[in-house]
Structures are given as structure tokens and as C-alpha cells.
Amino acid sequence: MFDIGLNLTSPQFAHDRDEVVARAFDARVNGLLLTGTNLHESDLARQLAQRYPHCWSTAGVHPHDSSQWGPESFDILRALAASPEVVAIGECGLDFNRNFSTPAEQEHAFSAQLALAAELSMPVFMHCRDAHDRFLALLEPWLDKLPGAVLHCFTGSRQEALDCLDRGLYLGITGWVCDERRGLELRELLPVIPADRLLIETDAPYLLPRDLSPKPKSRRNEPAYLGHIIERIASWRAEEPQWLAAQTDDNVRRLFGVQF
């Protein structure tokens, strides 16, 4: 079981990162991809990936942080991407839900990171919220120049899933699908995703699965709960959890080129 989305740089893990990683591997997680969300966090994620075995990282600028994109950002990310621990460009994309950065700033930073990924022949780790049409319009010209792409933490509609799959994207599914209030539409479209295009993630410390039993004392999510997410997804897809875990591990190897 490989967790493709872990925000290990979060302050919520500041006091017990070693224990969090240890609990994950004790729970049969066999690899972690640490998310970089801005230049500083991407460097920190790289350092943490060097620190822990079976860990890799991404390097990118999240749409929320796109206002920070400057002339030096391209070169800083290129330098980070030269590290063997860094296996994808991102988290990058568009988020028109909150617009912490303006749409124009987001589009500029997203397009620049797609260009960098194409230059370096690296996969992209992407975010999209309330921006589906514009996201695809910016992404499409680069698809034949990229070795692969994943839309992480997918929570969109059935049609949006089909649009992404038609373009060869992988979809990352989180514990959002375990939410009986917000996750029902996502739960129903799970069978639409081919097994060879599915990736699993916690997005910890966010999106604690609401159906964990017993419920944790803390609302903080951890990669140790990845097995629960896989079991629930496998159940709704009418597949065996062990088979699905092995299949998604193969997808990770194929997309990110890592060995674990």
C-alpha cells in the first residue's frame, strides 16, 4: 500500500513525525509520497524524503500559493527536481473555490510548472477544485509531452472523472469517499475508474475517514489509515483489498518510476 499524498511538512506533524512514519509502516504501508506545496515546503519535503526510507517527494507550487511565483521559482524547482527523491512536479493546478491567489496568478504558475515537467520529462501531481474546464484547457497542450499525470484528491463528478480518464490521467482517491455526507457521489463513480488508473492517498493530516471505528481521539489523519481507505474502496468496487493494493502499487511504480 503506497500513500501518494501525505503532507508530512504540516505543522500538525511537527512534534511526532518519526512516530507517524513508523505507525504507517507498522500498518503495512510500503511507501510514501510527500507533497510539496510551495518552494519552502517542497525543499522540506525533499529533506524528509531523504530522512525516511521508502519515501519520495514532489516539488511544486500549489494554486493557493501561486501569488508567490516569481522569476526565480522555475529555477528553484528545477534544482529541487534534480534530487533523486523528487519524482513529480507539483502540487500544481487551479483552485477557483477560494482564490487565495487570483485566477490569473494560478494559471501562470500552473502553466509554468507544466512546462517544467515537460522539459524534465517528469510526471505532474495536480490539484483542481471548481476549475475543471479551465484546468483541462491549460493541461491538454502538454499531455503528449508529459510521461504521466495524476489529479490528486479527486472529488469531482462522474463526467469530470470521465473527462480526466479520457485524457489518460490517473485519479487519486482519499478518505473523502468514506464521508457519508459529502462522499456519496464519489463512492458511486468508483467503478468507472479503471484499476490501472487508480491511486490511493490519505492527504493527511486532512480528510480523516469519518467511518473509522473506533474513532481516533484526534481529528488528524495519518498514513496509517491508508489500509482502511483501500478496504472501503475495494468493497465499493467489488474487488479484493489485497488485489487492489497490489494493483495501485503497480500504478505508482509505473507513474513515478519508484521501486519499493
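Residues numbered from 1 in each chain as written. Predicted model: local features only at pLDDT ≥ 70, side-chain atom pairs only at ≥ 80, totals over all residues. Heavy atoms only, no water.

Under an unreviewed UniProt entry, the chain has the name 3'-5' ssDNA/RNA exonuclease TatD and belongs to Silvania hatchlandensis. UniProt annotates the chain under Sequence similarities (unreviewed entry) with the comment "Belongs to the metallo-dependent hydrolases superfamily. TatD-type hydrolase family. TatD subfamily." The Subunit (unreviewed entry) comment attached to the chain in UniProt states, word for word, "Monomer." (UniProt positions renumbered as here; feature names shortened; annotations may be inferred.)

## Thoughts on helix α8 (residues 226-237)
Here α8 spans 16 Å end to end across 12 residues, near enough to the 16 Å set by a 1.5 Å rise per residue. Within α8, the full set of buried residues consists of L226, G227, H228, I229, I230, I233, A234 and R237. For α8, the elements touching its buried residues are β1 (2-6), β7 (170-173), β8 (198-200) and α9 (241-256). (Helix = DSSP H or I, 4+ residues; strand = E, 2+ residues; numbered from the N terminus. Expected span 1.5 Å × (residues − 1). Buried < 20%, exposed > 50% of the residue type's maximum accessible area, 1.4 Å probe, protein only. Contact = heavy atoms within 4.5 Å.)

## Brief notes about the pattern of salt bridges
Going through the model one piece at a time under the given rule, you end up with 18 salt bridges. With its nearest N and O atoms 2.7 Å apart, the salt bridge here joins E140 to R167. A residue pair is termed long-range when its members are at least 10 positions apart, and E140 in the loop between α5 (132-139) and β6 (149-151) and R167 in the loop between α6 (158-166) and β7 qualify at 27 residues. Of the charged contacts in the structure, one is a salt bridge between R181 and D179, with a shortest N-O distance of 2.9 Å. What makes R181 exposed here is its relative accessible area of 52%. Through salt bridges with shared partners, a single network forms among D179, E180, R181, R182 and R210. (Salt bridge = Lys/Arg side-chain N within 4 Å of Asp/Glu carboxyl O.)

## Side note on the environment of R129
With respect to the helices and strands, R129 occurs in strand β5 (residues 124-129). The partly exposed category is assigned to R129, whose relative accessible area is 35%. With 96 residues separating them in the primary sequence, R129 and Y225 have C-alpha atoms 24 Å apart. In contact with R129, other than residues within four places in its own chain, are L94, D95, F96, N97 and R98.

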